[in-house]
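Per-entry structural report
Here are the chains, one letter per residue:
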Amino acid sequence: MSAPLACPQCTLENTYPDGDNYVCADCGYEWPIAAAADSEEDDDAVIKDANGNVLTNGDSVVLIKDLKVKGSSTTLKVGTKVKSIRLVGGDHEVDCKMDAGNFMLKACYLRKV
Ligand SMILES: [Zn+2]
């Protein structure tokens, strides 16, 4: 395995892998190896459209289904094109400026064009 990691609990580096976990010999703390590896990637920051394509700020997208806007009678029609999206993270991660207004939409209802 790789060089010893600092223990998240006591910060000493007297650690070793044991099965799926790292174990700290000093304080006995155990933590999963998978979690340690994940923290170095930035998977959470990647937002993907309905087809699994990665979206970035400024992309153009189309809606792949009709979306009712909460609290209004507005329905955003399937096929509506949105230019220059802005990614904001969170539950509704795509900020879309349209003729009908400004809407926060889920990336899973969008397709990159
Ligand atoms: Zn420790």
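Please refer to the structure placed before this passage.
Remember, predicted model here, so these are calculated numbers, not experimental data.

Here strand E11 (residues 94-98) lies mainly inside the structure; four of its five residues are buried. Two strands pair when backbone bridges link them, and strand E10 (residues 86-87) and E11 are joined in this way by two bridges, in the antiparallel orientation. Each residue of the ladder has a partner; that of Arg 86, found in E11, is Asp 95. Between E10 and E11, which follow one another and run antiparallel, lie six residues, and Gly 89 among them has a positive phi close to 80°. Relative to strand E12 (residues 101-105), E11 is paired through five bridges, and the arrangement is antiparallel. Directly across from Asp 95, in E12, lies its bridge partner Met 104. Where E11 folds back on E12, the antiparallel hairpin that results is connected by two residues.

Angles at a metal have ideal values that depend on geometry: 109.5 degrees with four tetrahedral donors, 90 or 180 degrees with six octahedral donors. Bound to the zinc ion are the protein donor atoms Cys 7 (SG), Cys 10 (SG), Cys 24 (SG) and Cys 27 (SG), situated 2.2 to 2.4 Å from the metal. Here the zinc ion binds four donor atoms, and the angle range of 106 to 117° at the metal identifies the geometry as tetrahedral. The class of Cys 7 is buried, set by a relative accessible area of 2%.

Two pairing modes exist for strands in a sheet, parallel and antiparallel, and in both the strands are linked by backbone hydrogen bonds. Reading across the sheet, the three strands line up as E10-E11-E12 and stay open at both edges, with antiparallel pairing between neighbours. Only two strands of the sheet have a single partner each, and these edge strands are E10 and E12.

Here is what the cut-offs are and how they apply
- Residues numbered from 1 in each chain as written.
- Predicted model: local features only at pLDDT ≥ 70, side-chain atom pairs only at ≥ 80, totals over all residues.
- Heavy atoms only, no water.
- Buried < 20%, exposed > 50% of the residue type's maximum accessible area, 1.4 Å probe, protein only.
- Helix = DSSP H or I, 4+ residues; strand = E, 2+ residues; numbered from the N terminus.
- Pairing = 2+ DSSP bridges.
- Donors = N, O, S within 2.8 Å, 3.2 Å for Na, K, Ca; no water.
- Tetrahedral: all angles 85-135°; square planar, octahedral: opposite > 155°, others 65-115°.

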